[in-house]
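An overview of the molecular structure
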Amino acid sequence: MRLELARHVVQSLEFGRRTAFEDGRLVVDRDEIRALVLGDPNVRSVEIEIVRPGDRVRIVHCMDVVEPRAKASGSGEVFPGFLGPPVTVGSGRTVVLTGVAIVSTGTWPELTDPWWSNREAIIDMGGSASRYSPYSRTRNLVLSFRTAAGLTPAQQDHAIRVATLRVARHLALTARDRSPDEVETCELGQARGGLPRVAYICHLGSLGALYNTYLYGHSVAGTLPTLIHPNELFDGAVVNGHHRLASERHPTYDHQNSPVATELMQRHGRDLNFVGVILMRSLAELPEEKERLASYTAKLAKLLGAEAAVITRQGGGHAIFDLMTTCQRCEQVGIKTALLVNEMAGHAGTDVSMIDFVPEADLMVSAGNHEALIDLPALDRAVGGDVLLGMPGRAVDARRLQLRWVFGANSQLGVGCLTARAR
Amino acid sequence: MTIRVVHYLNQFFAGRGGESQADCGIEVREGEVGPGQLIGRHLGNSGRIVATVSYGDNAFHVDPERSAAEVVNAIARCRPDVVVAGPAFEAGRYGLACGYVCRAVQERLGIPALAAMAPENPAVEQFRRDVYIIPTGRSAIDMAHAAPPLAAFAVRLASGAEIGAPEQEGYLPRGRRENVFVERRAAARIVDLLLQKVRGEIYQTEIPAPAFDRVPPAPAVQRIEAATVALVTEGGLVPKGNPDRIESTRPTRWGSYDISGLPGLPAGDFLSIHAGWAPETVNENPNRMVPLDIARELVREGRIGALHERVYVAVGSSCTIENAQRFGREIAGRLRSAGVQAAILTAT
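Here's what I pulled together on the structure shown here. (Residues numbered from 1 in each chain as written. Chains lettered and ligands numbered in written order. Predicted model: local features only at pLDDT ≥ 70, side-chain atom pairs only at ≥ 80, totals over all residues.)

1. Focus on the overall build of chain B
- Each helix and strand counted, chain B has 11 helices and 13 strands in total.
- Relative to a compact globule of 348 residues, whose C-alpha radius of gyration would be 20 Å, chain B shows 28 Å and is clearly more extended.
- Its C-alpha atoms give chain B principal-axis dimensions of roughly 80 × 60 × 40 Å.
- A separation of at least 24 residues holds for 73% of the contacts in chain B among residues at least 6 apart in sequence. (Helix = DSSP H or I, 4+ residues; strand = E, 2+ residues; numbered from the N terminus. Rg over C-alpha atoms; globule rule 2.2 N^0.38 Å. Contact = placed C-beta atoms within 7 Å.)

2. Comments concerning the overall build of chain A
- A tally of helices and strands in chain A yields 7 helices and 26 strands.
- Seen through its C-alpha atoms, chain A measures out along the principal axes to roughly 60 × 50 × 40 Å.
- With 423 residues in all, chain A has 58% of them scored as buried. (Buried ≥ 20, exposed ≤ 12 C-beta atoms within 10 Å, placed from the backbone.)

3. Here's the deal with the interface of chain B and chain A
- Opposite the 45 residues of chain B that make contact, chain A presents 54 residues.
- Every element with two or more residues in the side of chain B that touches chain A is listed here: β7 (177-181) and α8 (186-198) of chain B.
- If one sorts the elements of the side of chain B that touches chain A by residue count, α8(B) sits on top with 11 residues.
- Of the residues assigned to the side of chain B that touches chain A, the class counts are 26 nonpolar, 8 polar and 11 charged.
- Here strand β26 (residues 418-422) of chain A runs beside β7(B); their pairing, made up of 5 bridges, is antiparallel. Directly across from Leu418(A), in β7(B), lies its bridge partner Phe181(B). (Nonpolar A, V, L, I, M, F, W, Y, C, P; charged D, E, K, R; others polar. Pairing = 2+ DSSP bridges.)

4. Some points on the sheet that holds strand β15 (residues 211-215) of chain A
Residues and elements named next belong to chain A.
- Strands sit in the order β16-β15-β18 across an open sheet of 3 strands; the sheet is antiparallel. Because the sheet does not close on itself, it has two edges, and the strands there are β16 (218-219) and β18 (238-242).
- As judged from the 5 bridges shared by β15 and β18, these two strands associate in the antiparallel manner. When the bridges of β18 are listed, Thr213 appears paired with Asn240.

5. Side note on the packing of helix α6 (residues 287-303) of chain A against helix α7 (residues 319-332) of chain A
All names here are of chain A.
- Relative orientation of the contacting elements α6 and α7 amounts to 40°, with a least axis distance of 8 Å. Taken together, the axes of α6 and α7 are oblique relative to one another. Handedness of the crossing formed by α6 with α7: right-handed. Contact residues: α6 offers Lys290, Glu291, Leu293, Ala294, Ser295, Thr297, Ala298 and Ala301, while α7 offers Phe321, Asp322, Thr325, Thr326, Arg329 and Cys330. (Axes fitted to C-alpha atoms, helices over the stretch in contact; angles between N-to-C directions. Parallel < 35°, antiparallel > 145°, perpendicular 65-115°, else oblique. Left-handed = near helix turned anticlockwise from the far one by under 90°.)

6. Some points on the sheet that holds strand β4 (residues 25-28) of chain A
All names here are of chain A.
- The sheet built from 3 strands is open, its strands ordered β2-β4-β3 with mixed pairing. Only two strands of the sheet have a single partner each, and these edge strands are β2 (12-15) and β3 (20-22). Strand after strand, the sheet turns through a mean of 15° between neighbouring axes, direction not considered.
- Two elements, β3 and β4, share 3 bridges in a ladder whose sense is antiparallel. Paired with Ala20 across the two strands is Val27, which belongs to β4.

7. Quick look at unusual backbone geometry
- Each neighbour pair has its own omega, and for Gly86(B) with Pro87(B) the value is 10°, a cis peptide bond.
- With respect to the element layout, Pro87(B) can be found in the loop between β4 (82-85) and α4 (92-109).
- A positive phi angle, close to 55°, is found at Phe79(A), a residue other than glycine.
- If you trace the backbone, Phe79(A) turns up in the loop between β8 (69-73) and β9 (92-98).
- Looking at Phe79(A), the number of C-beta atoms within 10 Å reads 29, which means it is buried.

8. Section: the pairing of β15(A)
Residue and element names in this part refer to chain A.
- Extensive coverage of β15 is indicated by the burial of 5 of its 5 residues.
- Both faces of β15 are covered, namely the face carrying Tyr211, Thr213 and Leu215 and the face carrying Asn212 and Tyr214.
- As paired strands, β15 and β16 are joined by 2 bridges and run antiparallel to one another. Across the sheet, the residue bridging to Leu215 is His218, located in β16.
- In this structure, the hairpin formed by β15 and β16 is closed by a connection of 2 residues, where Tyr216 is found at a positive phi of approximately 50°.

9. Description of the pairing of β9(A)
All names here are of chain A.
- Alignment of strand β1 (residues 3-9) against β9, held across 7 bridges, turns out to be parallel. In the sheet register, Glu4 faces β9, and the bridge partner there is Arg93.
- As paired elements, β8 and β9 share 4 bridges and run antiparallel to each other. By the bridge assignment, Ser73 is partnered in β9 with Arg93.

So, in structure tokens, the structure goes:
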């Protein structure tokens, strides 16, 4: 499987009369985007705004972040199962607009259950807190959606997701006939003997509607662990549908740019032999289901001949049991593991970082403490809403809050440079 | 720049007398006193001790918060850049006073403070989370070793430098995890570390093994058919309206509710307010969180002696360990005084 990522670096993002990409300038025609999105009767309205790094703007009620990509050649469509039939992707050429992202925002006022009190997600484009979110560093086209009346939350979520993915593909298609700044070839060729065989085990959280991850358009709930080629990730085979706990949410953008898969691929044939990606559903409710998933994952990794595996967690709470069980099952069959996980060490960092642990988990990389308090400065403008869900005051106000509300700040996919240290 | 240091001592090291003088109150003297001379020498040109504040070991502890406030007021008048307390070695009252003073200085004056004492000093456990403590030997014989790192770290703190890990800087680990930005992203670090592990090299985890508080289970109930059993849950199942306003996440309190006369928990009257899970199923039938219906049956069948007529409810979602331990102690205390011999604990 060979995939060329034809990267076009976007140096400016602005509104104009006609959507087009030329010489690093991406021009977006609002009416054209609106027409594209409103083609679905389940989408009632969309507000479209542009925000840039350094703007004193706070994006609130974020749902997902998506990188504009489109297929130029090769089978299937980006985001297979959503924008095209679920045929295998990951070969041919894919156009990528680098440095720009689509941010979808929306909320469900009807969700008053405490379970949904955790759904705020913030991106500060400027000010002192902008260093925490990876999406503070991209030029963002923010789509603030309202959906038609009478839909269930799951139907609203689906409509917004498909609309966002459509816009992402639409924008990338503007660059299809341009010459890219860079072409990156992604393939796992024959690696010389003697290099350690390394698998990437990526947990995908699924806990019902609005807390879900999709593979080829299908929820991972109820699925057994499965094997994919990293190129499939780069073509959008995995799409986010998780709308809680912003700092550890895994937006689609981070699956498209999967940091661990990218790192392993870049070092394939040099330092290691990357044998593939195992996707494992996490957050299963029943202990026997957790066991089945973890044991199955270790078995798949062993069948791949893996000697070592990077395991990334998704979500909080009992997702730690999935992580620890997977680690233990792998180590028991002789696969050395390293775990990527964030910490819940309390506001002052004095609590125990995690609620489960196995002695085999002797190598963990930290994505920081998501319960640490940070100060958001007052900003000039909010996009996506006027308030923060479940918090008093206006969205633009200065306030002290837990890092967990900042989108992507404690990514367990390995995006960020934040860690926690003993002090 | 020469930093201004205020030094805190007990009455003994301030040369005001031994145990017989432990009841003496606060005294402020200009410049360095006793061990301050050695510390001052190691401060060199970087700083000087502008004043020394001392207090009697017993007098301080009559009301330590008040004594600390008194010391802070005296220190404030000396306009220091940093406050140094001790070394207190293994002296318990002195060590605790150092802890109170340093914490109060940081909180009220917003300037850094540090103490020095032996790791065995009881004040270490009480204050190491809040106060930088430089380890020393157990007795004053160690003074010559204790002074240089104390002086050096005082200068580091006063200069506003970013303070590194305990093993680099020489202070006792504070049991804190602090967020820091590093150069390489987590995906790159984890591949490096995994390769070190595979090659059999030395590798360093970024998160040490957590220390859990293991609770040995109570001995089995001898005759459960004669025992009073209570129902306790972490699932946040509260009466409609949440009368005690228990928080859905990071809870600080728990509740207890009368269930006498209820054959089971009726849907609609009890709802789960726990923010960490999807509660629809339990809200449709609250007995699946707190099994009152089945417990009543067991009593009728004589398989358990009696049911305690109150249900105890806490929320586990993001609960701090400290609060969880307190909830457990408080609920267990109530159960014990109500003559309960066994409890069924259910969770989300």
